[in-house]
Protein chains: 4
Amino acid sequence: HNPFVLIAGPCLIESKQLIDETAATIKEITEKLNIPFIFKASFDKANRSSINSERGPGIEKGLEILAMVKEKYNIPVTSDIHEPHQAKLAGEVLDIIQIPAFLCRQTDLLVAAAKTGKIVNVKKGQFLAPLDMKNVVVKLRESGNEKVLLTERGTTFGYNNLVVDMRSLPIMRDLDVPVVFDATHSVQIPGGQGTTTGGKREYVSVLARAAAAVGIDALFTEVHPDPDQAMSDGPNMIKLDDLEELLSKVKEIDQIVKKN
Amino acid sequence: HNPFVLIAGPCLIESKQLIDETAATIKEITEKLNIPFIFKASFDKANRSSINSERGPGIEKGLEILAMVKEKYNIPVTSDIHEPHQAKLAGEVLDIIQIPAFLCRQTDLLVAAAKTGKIVNVKKGQFLAPLDMKNVVVKLRESGNEKVLLTERGTTFGYNNLVVDMRSLPIMRDLDVPVVFDATHSVQIPGGQGTTTGGKREYVSVLARAAAAVGIDALFTEVHPDPDQAMSDGPNMIKLDDLEELLSKVKEIDQIVKKN
Amino acid sequence: HNPFVLIAGPCLIESKQLIDETAATIKEITEKLNIPFIFKASFDKANRSSINSERGPGIEKGLEILAMVKEKYNIPVTSDIHEPHQAKLAGEVLDIIQIPAFLCRQTDLLVAAAKTGKIVNVKKGQFLAPLDMKNVVVKLRESGNEKVLLTERGTTFGYNNLVVDMRSLPIMRDLDVPVVFDATHSVQIPGGQGTTTGGKREYVSVLARAAAAVGIDALFTEVHPDPDQAMSDGPNMIKLDDLEELLSKVKEIDQIVKKN
Amino acid sequence: HNPFVLIAGPCLIESKQLIDETAATIKEITEKLNIPFIFKASFDKANRSSINSERGPGIEKGLEILAMVKEKYNIPVTSDIHEPHQAKLAGEVLDIIQIPAFLCRQTDLLVAAAKTGKIVNVKKGQFLAPLDMKNVVVKLRESGNEKVLLTERGTTFGYNNLVVDMRSLPIMRDLDVPVVFDATHSVQIPGGQGTTTGGKREYVSVLARAAAAVGIDALFTEVHPDPDQAMSDGPNMIKLDDLEELLSKVKEIDQIVKKN
């Protein structure tokens, strides 16, 4: 098994400046720790709790900023799409096309993403058993794309709560795909704040360490210089200042788990 | 409170003939029982478990068949859409535009549906608490559409199972919207058959009676002359032959509950 | 199917006077509505959230009060036991011995209750699937007692919440036992108030009506003249003043469901 | 933080010979790895799924065997009690008195265990939120015993399944008690085999590693020379031959997590 890869960035492309600065800082940290780094940020938050929440710059402006990151820092970039027609444009810039959890069974979206030939990273729906992701993988493979990642981001657990079932990581890995653990969305408290999604940032490192101990191919974590002022996902994003410590621990655990 | 309305039809527009015959039979039953009837069938199953499952005739052919039903039997018709661009076309034929449960938080889809001016019926996501549907209702209202229905169709309960929390009906009704109970999708067993969704048809009448006793504005139930041969949702659809008995009981309970 | 029976009374034997007055009032209501009535109250709350909560008069004083009710009002009485050694004494007074949900798999307790020869009413553990109650029934039957009742009182649903799965009523009935629906414990919010169990009294009638529509042999409901002042289970008990209206509706639904 | 302690042994005291041999082997392994070792086995399985399952030698014979282990191998021993009257006798031999998960709210049992002055290890009920264990801790402390351990062993997750919420470990630790992770009961499949509890042994090491990465004070694991022939809990116990490898990994992770 290869060492884990980091997929990270702010939840939303709030501004070119935020994206640039965050990418620079994460790149510096990951080079120091020798961890491969893929930058992630969304150009559109298409399923915000509230209609009045900020959604982002949209696909064209967003991809332009991600292309800048890709070139300036020489790193792969990823983002999520929400409708099939976005796949082609996204595939021209992104190295990995991410499919949101709520949309993980939308056949047309999966097929369109697969057809780009890019890696497709599907987040497991909060409403699905890990083994049910087999049908999702088959949809992508039968569309001619074998480059599939699956991401665990928590499962519906009663109302307004998610639980991470650590068994899902080996179950999804047994589908012969690399598995990503999304440590920041996993600590969301859906509906926990009325018109926005809440979160418990203090459990991000707890769950990230646990997942690394189980065995993951990539860690996904949203980071922001000042999460409490972020336009989206603030309560569950971690602070950029806390990233290095988190990654150091995860790396040590990853090494132990993957040695001989 | 008004007596309950029936929203019913086969899951999928398998053929013009199936739709015509089923609509005719349900119309006959509901006229006999004096229950208002809205015909429902899908033109595209956009999130089938497997990529190899039948999806349906598509939006144009499907709407044509629904328009035929609407005219021939003089009844309202409803169907579900999956992408924003479908809303306009759908709104030219459908009396109620249905939003699938997995997509109940996709803002663009909700806004597009709202803009048609037609009634919008949103199925509560299996991953949402009933109160969280408030944000969905607000999305529609702020898009200028007050004609909103909410449908209960079960909540994620561990893996490969749904549970109906009967408290959700009064909770959603308190959002000042009519509430629909979907008795057939509520008995689905997601992932219960490997590459298709399973179901427990024997609990449809159990849950329909319970929901009527709680208080509903409409009952949604998929029916098919021969569910075991249906192209979609067979295990949870009820037989056309069993519909009259189910509706008679539901009607009696509905009357008791709604009399002052 | 016979019409439903009512099992009711205050949660706790707070005082002889409370028990006497409540039994008198319920008897009056049930005679008026022609509903068979079994009086229930606990002599010891053995698993209160907090060690400082009131527990009750204990088994000897408690049974004495229940014996008074039984004789004065000529009605059967029931209460719950918590340890095997209590079964014999309890069996001398009680017509039905109730086994608490947390203890529904304690073999010695079940066997001791069975050996009394009295009816044994086991509440389904919040942690058990309905079908798993089969093993409980077998434990009682193999101890020589065929007079078994099973009670649905909600299932663990995430943290600090219960959900009633209405499918459990027919599933348990298929074990060839009469099934009771406990409408007041089903609306508990475990841990919902820090050191006591919370509850949502407003859903008692909702769930009672739903269960009656599904089909039950008995309705269990805790009632109190002034629940907000009750020593135990106040938030989920209903007011004595609201009992008649609840029972009237349940009776009408019960009649519809049970007529052939 | 101190390095983790191992609590281990066969589920049931099947025979003096099994206990002796298993204790000897685990002692050898833990001395080699320098892990403190507490022996655990049950003298009575008081809540077996089926009335026909083996229950064990009973308290007197069982404690005699545990006393032998304690003396011969010079290690602490623990076992579980089910009724308050057993506490005194158990306290004469056991170093830690374990309270089963189903019984974790039974006040009399907790108080009786506390009164022995021995360490009391309470398993978190499958039906409780981690924070709700606060009331359990208070019950023990108000009974004069500050030596409390809490054990995570999985939470009810739909029917016939448990999920381990890794957040529960820090939540319970915040109650100022050492926290134990029970890796073998956490992989049980309740009711998964009709008349016995099933299990998924392959996830024991997955979850043990994850819990160690989160941070635990002790690891609890049931081991047996030949689990498939065990009288109880076979499907979830691990093989004695696999223990050393499991412990080595857990120890390495434990060291990383607890250093500075």
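Residues numbered from 1 in each chain as written. Chains lettered and ligands numbered in written order. Predicted model: local features only at pLDDT ≥ 70, side-chain atom pairs only at ≥ 80, totals over all residues. Heavy atoms only, no water.

J.: Please clarify how the overall build of chain A should be interpreted in this entry.
T.: Of the regular secondary structure elements, chain A holds eight helices and 13 strands. Seen through its C-alpha atoms, chain A measures out along the principal axes to roughly 40 × 40 × 40 Å. Here chain A holds 260 residues, and 68% of them are scored as buried. Here the contacts in chain A between residues at least 6 apart in sequence split such that 69% fall between residues at least 24 apart. Here chain A has roughly 8800 Å² of accessible surface; of this, 47% comes from carbon and sulfur atoms. Taking the average place of the 31 positive charges on the side chains of chain A and the average place of its 35 negative ones, the gap between the two points comes to 3 Å. (Helix = DSSP H or I, 4+ residues; strand = E, 2+ residues; numbered from the N terminus. Buried < 20%, exposed > 50% of the residue type's maximum accessible area, 1.4 Å probe, protein only. Contact = heavy atoms within 4.5 Å. Areas by Shrake-Rupley, 256 points an atom, 1.4 Å probe, with all protein chains shown as cover. Lys, Arg positive; Asp, Glu negative; His and termini not counted. Charge placed at Lys NZ, Arg CZ, Asp CG, Glu CD.)

J.: Would you mind going over the interface of chain A and chain B with me for this structure?
T.: Interfaces are often sized by the accessible area lost when the parts come together. Taken residue by residue, the interface counts 39 residues in chain A and 39 residues in chain B. At the boundary of chain A with chain B, total buried surface from both sides reaches about 3500 Å², with 48% on carbon and sulfur atoms. Its largest share of buried area at the contact with chain B, chain A owes to I51, R105 and Y159 of chain A, together 21% of the area lost on that side. Run the count over chain A and chain B and you get two salt bridges. At the boundary of chain A with chain B, the tally comes to 14 residue pairs in polar contact (both at pLDDT 80 or more). Going through the elements one at a time, α4 (107–115), α5 (133–142) and β7 (155–156) of chain A are the ones with two or more residues in the side of chain A that touches chain B. Along the lines of polarity and charge, the residues of the side of chain A that touches chain B split into 12 nonpolar, 16 polar and 11 charged. (Buried area = accessible area lost by both parts, 1.4 Å probe. Salt bridge = Lys/Arg side-chain N within 4 Å of Asp/Glu carboxyl O. Polar contact = N/O pair within 3.5 Å; in protein donor to acceptor, adjacent residues only side chain to side chain. Nonpolar A, V, L, I, M, F, W, Y, C, P; charged D, E, K, R; others polar.)

J.: Help me out: how do you make sense of empty space enclosed by the protein in this one?
T.: One simple way to see leftover space: roll a probe sized like a water molecule over the atoms. Enumeration over the complete set of coordinates arrives at seven cavities of 30 Å³ or more. Along the wall of the largest cavity there are 23 residues; nearest its centre are H82 and E83 of chain A together with H82, E83 and L103 of chain B. (1 Å grid on protein atoms, 1.4 Å probe; cavity = no way out; pocket = protein on both sides within 12 Å on 5 of 7 lines; lining within 4 Å. Points joined across faces, edges and corners; volume = space filled by probe spheres on them.)

J.: I would appreciate a short explanation of the nonpolar core in the present structure.
T.: Proteins that are soluble and globular tend to have nonpolar side chains buried together. Counting 324 residues, the largest nonpolar core has M166 of chain A, M166 of chain B, M166 of chain C together with M166 of chain D as the members making the most contacts within it. If sequence neighbours within four positions are ignored, M166 of chain C has contacts with M166, V206, L207 and A210 of chain B together with F181, L207, A210, A211 and V214 of chain C. (Core = buried A, V, L, I, M, F, W, Y, C linked by side-chain atoms within 4.5 Å.)

J.: Looking at this model, I keep getting lost on the environment of V148 of chain D. Mind explaining?
T.: Tracing the sequence through the fold places V148 of chain D in strand β6 (residues 148–152). Separated by 137 residues in sequence, V148 of chain D and C11 of chain D place their C-alpha atoms 22 Å apart.

J.: Looking at this structure, how should I read the interface of chain C and chain A?
T.: Of the residues lining the interface, four residues belong to chain C; the matching set on chain A comes to four residues. In total, about 370 Å² of surface goes out of reach between chain C and chain A, with carbon and sulfur atoms giving 74% of it. Summed over the shared surface of chain C and chain A, the number is zero salt bridges. Summed over the shared surface of chain C and chain A, the number is zero residue pairs in polar contact (both at pLDDT 80 or more). Class assignment of the residues belonging to the side of chain C that touches chain A gives a composition of two nonpolar, two polar and no charged.

J.: Looking at this structure, how should I read the relation of the copies chain C and chain A?
T.: With an RMSD of 0.1 Å, the operation that places chain C on chain A is a rotation of 180° combined with a shift of 0.0 Å along the axis. Here the transformation between the copies is reduced to the relation of a two-fold axis. The position closest to the rotation axis in chain C is occupied by the C-alpha of G158 of chain C, lying 1.9 Å away. Of all interface residues in chain C, 100% are interface residues in chain A too; the two copies therefore contact each other through one and the same surface. (Least-squares fit on C-alpha atoms with pLDDT ≥ 70 in both.)

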